[in-house]
Amino acid sequence: MKRFVIERNLPGVHNMAAGELSDAAAQSNAAIAKFPGKLTWEHSYVVNDKTFCIYLADSEQTVLAHAKESGFPANRITEVRTVIEPLTAT
């Protein structure tokens, strides 16, 4: 599986209440269930008017299919090539 960062333009997302975010997560989870073994949502960062979602997927096409199924845009999909962190220095 490859790791992807999905940028989603969602005006007002940073103002959503906890219940609205819960509903959005449930909507995404329902769409993910239609791609067994091909897609895992790790987490998302909510910023002003957009989210950055971290997914594991077999391909960019699966990410796009999930976006269509969930109703959430995938404005930019970037494959992660490697991860560095503080322990990389040791």
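The model shown is predicted, which means the values in this text are computed figures rather than measured ones. (Residues numbered from 1 in each chain as written. Predicted model: local features only at pLDDT ≥ 70, side-chain atom pairs only at ≥ 80, totals over all residues. Heavy atoms only, no water.)

Comments concerning the nonpolar core
Counting 12 residues, the largest nonpolar core is built from F4, I6, I32, F35, L39, C53, Y55, A57, V63, A67, A74 and I77. Looking at this core, the elements with two or more residues in it are β1 (2–9), β3 (50–57) and α2 (60–70). Here the element with the most residues in this core is β3; it accounts for 3 residues. Excluding residues within four positions of it along the chain, I77 makes contact with F4, V5, I6, E60, V63 and L64. (Core = buried A, V, L, I, M, F, W, Y, C linked by side-chain atoms within 4.5 Å. Buried < 20%, exposed > 50% of the residue type's maximum accessible area, 1.4 Å probe, protein only. Helix = DSSP H or I, 4+ residues; strand = E, 2+ residues; numbered from the N terminus. Contact = heavy atoms within 4.5 Å.)

Notes on the packing of aromatic side chains
Tallied over the entire structure, the rule returns 1 aromatic pair. Both rings, one in W41 and one in Y55, keep their centres 6.3 Å apart while their planes meet at 15 degrees; by these two values the pair is stacked. Of this pair, W41 sits in strand β2 (residues 39–47) while Y55 sits in strand β3, placing them 14 residues apart in sequence. On the accessibility criterion, W41 (27% relative accessible area) is partly exposed. Overall, the relative accessible area of 2% leaves Y55 in the buried class. (Phe/Tyr/Trp six-rings, centres within 6.5 Å; stacked < 30°, edge-to-face > 60°.)

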